[in-house]
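# Notes for the structure review
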Amino acid sequence: MFWNEKVETLPEKDLQSLQLRRLKKTLSQVENVEFYRKKLKNAGIRPRDVRTLDDLSKLPFTRKQDLRDGYPFGFFAVPLRKVVRIHTTSGTTGKPTVVGYTKKDLRTWADLIARNMTMVGLTDRDIFQNMVNYGMFTGGLGFHYGAELIGMTVIPSATGNTRRQIEMIRDFGVTAIHCTPSYALHLAEVAEEVDTHLDSLTTGLFGAEPWSEPMRKELERKLGVTAYDSYGLSELYGPGVAFECPERDGLHIWHDCYLVEIIDPVTGEVLGEGERGELVVTPLVKEAMPLIRYRTGDITMLYEDDCPCGRAKKIARIMGRSDDMLVIRGINVFPSQIEHVLLGIPEVGNQFMVYVDRVNHLDEMTIDVEINRNFFSGELQDLARIQKKVAKELRDALDLRTTVRLVEPGSLPRFEGKAKRVIDRRGDTL
Ligand code: DLL
């Protein structure tokens, strides 16, 4: 199913000429931003020097820190009276990153969301419960207006009060839900606790944080949905940048709106298809806040193969952020790898917390995971067996020795939005 079949399946040649036209326009827009005027001048590049798409690699990168330095409105390329909405992303430290939208930006964004939702088969007959934060986070209003554009019946339930969320799903006959995968897991748990079957559900749209293939299976089994991965970031409007099609093998990124590169995060060198690295995006249709070669920090790769659905090249599921990657005794570990291992072990639950410490100058990783009572005899011996099993499977997968602590079911924190599963305490002991 297509929202805009012509654009979604543009032949490569037409797509490239559209991209080049839009890139040139973007370059003329960024002339209104002092940061870019200076940056391009220092690099000795005049916008008219960009004649082909290959010239993109000559342009300088934009980093999240640059946007922070421009706080609040330093990256707006239009007068403030043309900006009709502002969102922010909460940084872990300091000021948030501010993003702005013109009326046209909001229309384009809703249109992209409509493409994604239509791609997975949702129509004006669906009832959609949007269980994410409706404030400064882009996930709430972003999905809301896309779903309304399609004509879906939208329930802006936002976050919190999980029992009430479950009641609404049941009473209103909700067919599609949107939330973070970690919240979906919590929803499933509470539905089990209150013994409610969410029979009307068919579709789950999950994103805003990394999640794994075993997590998809778990959510599909527990909620009775087909689960789709949804990727985006506030700097590129928000959700809607890339989304899975019914193949559910990689995400279609909308190449008419986003020019995609994958780079080596350390050297900045552009990598080829099939090579894993950091996603760098030049948005092509943003009006209020155009960006050049924005370093997302997200680790993925471009697929080499075409998709049977007829849409353009996909990116792989996001593995994690380059800045979420833990380096433990020289070995790179992403929290999503830990999730992957734990979900394959029935004796433990699917919530976990990772603690990293430095003990006698050595990195030590401790993983707390809940025991699953259905697979636990209650004997002390059995506890030791499970602990050994988890540690072994983690060692095989990560090539790393870890300490595993088994904790009571329900004792680890649950999350309404993005999960925070890693506490790195190495800085405290240095
Ligand atoms: O998380 C936008 C969004 C809302 C996407 C709802 C999907 C659904 P930010 O808060 O700016 O925006 O966070 C963006 O979240 O750079 C990734 O690191 C991470 N992220 C987003 N989607 C995924 C995903 C929204 N599907 C940051 N898989 C991004 C893995 C994701 N990571």
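Going by the structure above, here's the rest.
The paragraphs below set out a description of the structure included in this document. (Residues numbered from 1 in each chain as written. Predicted model: local features only at pLDDT ≥ 70, side-chain atom pairs only at ≥ 80, totals over all residues. Heavy atoms only, no water.)

## Some remarks on the packing of helix α7 (residues 162-172) against helix α8 (residues 181-193)
Rules: Convention adopted: a line fitted to C-alpha atoms gives each axis, helices being fitted over their contacting stretch, and angles between N-to-C directions are expressed from 0 to 180 degrees. Numbering of helices and strands runs from the N terminus, with a helix taken as a DSSP run of H or I at least four residues long and a strand as a DSSP run of E at least two residues long. Just so you know how the angles are binned, under 35 degrees is roughly parallel, over 145 roughly antiparallel, 65 to 115 roughly perpendicular, and the rest oblique. Contacts between residues were defined by any pair of non-hydrogen atoms, one from each residue, lying within 4.5 Å. Note that Gly is not counted as nonpolar here; it falls among the polar residues with everything else outside the nonpolar set of Ala, Val, Leu, Ile, Met, Phe, Trp, Tyr, Cys and Pro and the charged set of Asp, Glu, Lys and Arg.
It is at 10 Å that the axes of α7 and α8 come closest, and there the two elements cross at 80°. Comparing the axis directions of α7 and α8 gives the class roughly perpendicular. Listed contacts from α8 to Thr 162, Arg 163, Gln 165, Ile 166 and Ile 169 of α7 are Tyr 183, His 186, Leu 187, Val 190, Ala 191 and Glu 193. Here the residues of the contact of α7 with α8 sort into six nonpolar, three polar and two charged.

## Overview of the sheet that holds strand β4 (residues 153-155)
The pairing of strands in a sheet comes from backbone hydrogen bonds and takes either a parallel or an antiparallel form. Definition in use: When DSSP finds at least two bridges between two strands, those strands are taken to pair.
In space, the eight strands of this open sheet follow the order β4-β3-β5-β6-β7-β8-β9-β13, with mixed pairing throughout. The outermost strands of the open sheet, each flanked by one partner alone, are β4 and β13 (314-315). Where strand β8 (residues 238-244) and strand β9 (residues 251-253) come together, three bridges link them in antiparallel fashion. By the bridge assignment, Glu 244 is partnered in β9 with Leu 251. Its contacts with the sheet put helix α5 (residues 103-119) on β3 (127-130), β6 (203-207), β8 and β9, and the angle it makes with β8 is roughly 30°.

## Examining the packing of α8 against helix α9 (residues 213-223)
Where we set the bar: Note: crossing handedness is left-handed where the near helix turns anticlockwise from the far helix by less than a right angle, and right-handed where it turns clockwise.
Running from amino to carboxyl end, α8 crosses α9 at an angle of 35°, the nearest separation of the two axes being 10 Å. With respect to the hand of their crossing, α8 and α9 are arranged in left-handed fashion. Of α9, the residues touching α8 (which contributes Pro 181, Ser 182, Ala 184, Leu 185, Leu 187, Ala 188 and Glu 192) are Met 215, Glu 218, Leu 219, Lys 222 and Leu 223. Residue composition of the contact of α8 with α9, by class: eight nonpolar, one polar and three charged.

## Observations regarding the site of the ligand
Basically, it comes down to this: For this purpose, a residue is taken to be near a molecule or strand whenever a single non-hydrogen atom of the residue falls within 4 Å of it. Between N or O atoms, a polar contact is any pair within 3.5 Å; within protein, one atom must be a potential hydrogen donor and the other a potential acceptor, and residues adjacent in sequence are included only when both atoms are from side chains. What sets the accessible areas is the Shrake-Rupley method with a 1.4 Å probe; for residues, cover comes only from the shown protein chains.
The environment of the ligand is formed by 21 residues, the closest being Asp 229, Ser 230, Ser 234, Asp 298 and Lys 418. With respect to the ligand, the side chain of Asp 298 contributes an N or O atom lying 2.6 Å from an oxygen atom. The fraction of the free accessible surface of the ligand (610 Å²) that becomes covered by protein chains is 92%. Broken down by secondary-structure element, the contributors of at least two residues to the shell around the ligand are α6 (138-150), β7 (226-233) and β8.

## With respect to the pairing of β6
Each regular strand carries side chains that alternate between the two faces of the sheet. For clarity, the threshold we go by: Exposure categories follow from relative accessible area, calculated using a 1.4 Å probe and restricted to protein chains: below 20% of the type maximum is buried, above 50% is exposed, and the middle band is partly exposed. We call a crossover right-handed when, viewed with both strands directed away from the observer, the connection leading from the first strand over the helix to the second proceeds clockwise.
The element β6 is extensively covered by neighbouring structure, given that five of its five residues are classed as buried. Of the two faces of β6, the one carrying Thr 203, Leu 205 and Gly 207 and the one carrying Gly 204 and Phe 206 are both buried. With respect to chirality, the unit in which strand β5 (residues 176-179) leads through α8 into the neighbouring parallel β6 is right-handed. Strand direction decides the pairing type here: β6 and β7, joined by five bridges, are parallel. Paired with Gly 204 across the bridge in β7 is Ala 227. For the handedness criterion, the β-α-β arrangement of β6, α9 and β7 is classed as right-handed.

## Some remarks on the nonpolar core
Note the following rule: The term nonpolar core refers to a set of buried residues drawn from Ala, Val, Leu, Ile, Met, Phe, Trp, Tyr and Cys, joined through side-chain atoms within 4.5 Å.
Ranked by size, the top nonpolar core spans 65 residues in total, and within it Met 117, Phe 128, Leu 205, Tyr 231, Tyr 258 and Ile 315 carry the most contacts. No other element matches α5, which puts six residues into this core. In this structure Tyr 258 touches Leu 112, Leu 236, Tyr 237, Val 241, Val 281, Thr 282, Pro 283 and Leu 284, once residues within four positions along its chain are discounted. Core analysis: the next-biggest nonpolar cluster, separate from the first, contains 26 residues, Ile 155, Cys 179, Val 225 and Ala 227 among them.

## Observations concerning α6
Formally: How far a helix is expected to stretch is found by multiplying one less than its residue total by 1.5 Å.
Counted at 1.5 Å a residue, the expected span for α6 with its 13 residues is 18 Å, and the 19 Å between its end C-alpha atoms agrees. Among the 13 residues in α6, ten count as buried, and that is most of the element. One or two positions beyond α6, positive phi appears at Gly 151, with a value near 100°.

## Things to note about the packing of aromatic side chains
To keep things clear, this is the line we draw: The pairing test for Phe, Tyr and Trp rings, Trp by its six-membered ring, is centres within 6.5 Å, and the orientation test on the planes gives stacked under 30 degrees, edge-to-face over 60, and tilted for anything in between. Our definition puts a charge over a ring when NZ of Lys or CZ of Arg is within 6 Å of the ring centre and also within 35 degrees of the ring normal.
Within the structure shown, the criterion is met by ten aromatic pairs. Judged by centre distance (5.0 Å) and plane angle (80°), the rings of Phe 35 and Tyr 36 are edge-to-face. Assessed through its relative accessible area of 1%, Tyr 36 is described here as buried. With centroids separated by 6.2 Å and ring planes inclined at 25°, the aromatic side chains of Trp 109 and Tyr 237 adopt a geometry described as stacked. One end of the pair, Trp 109, is in helix α5; the other, Tyr 237, is in the loop between β7 and β8, with 128 residues separating them in the sequence. Owing to a relative accessible area of 2%, Trp 109 belongs among the buried residues under this scheme. In textbook terms, an aromatic cluster arises when at least three aromatic residues are bridged by ring pairs, as seen for Phe 35, Tyr 36 and Phe 75. The residue whose ring lies beneath Arg 317 is Trp 211, and the NZ or CZ to ring-centre distance is 4.8 Å. Looking at Arg 421, its charged tip hangs above the ring of Phe 352, at a distance of 5.0 Å from the centre.

## A few points about the sheet that holds strand β12 (residues 294-300)
Read from one edge of the open sheet, four strands run β10-β11-β12-β14, paired in antiparallel fashion. Sheet topology places β10 (258-263) and β14 (320-321) at the edges, where each strand pairs with a single neighbour. Across four bridges, the pairing between strand β11 (residues 277-283) and β12 is antiparallel. Within β12, the position partnered with Gly 277 by the bridge is Thr 300.

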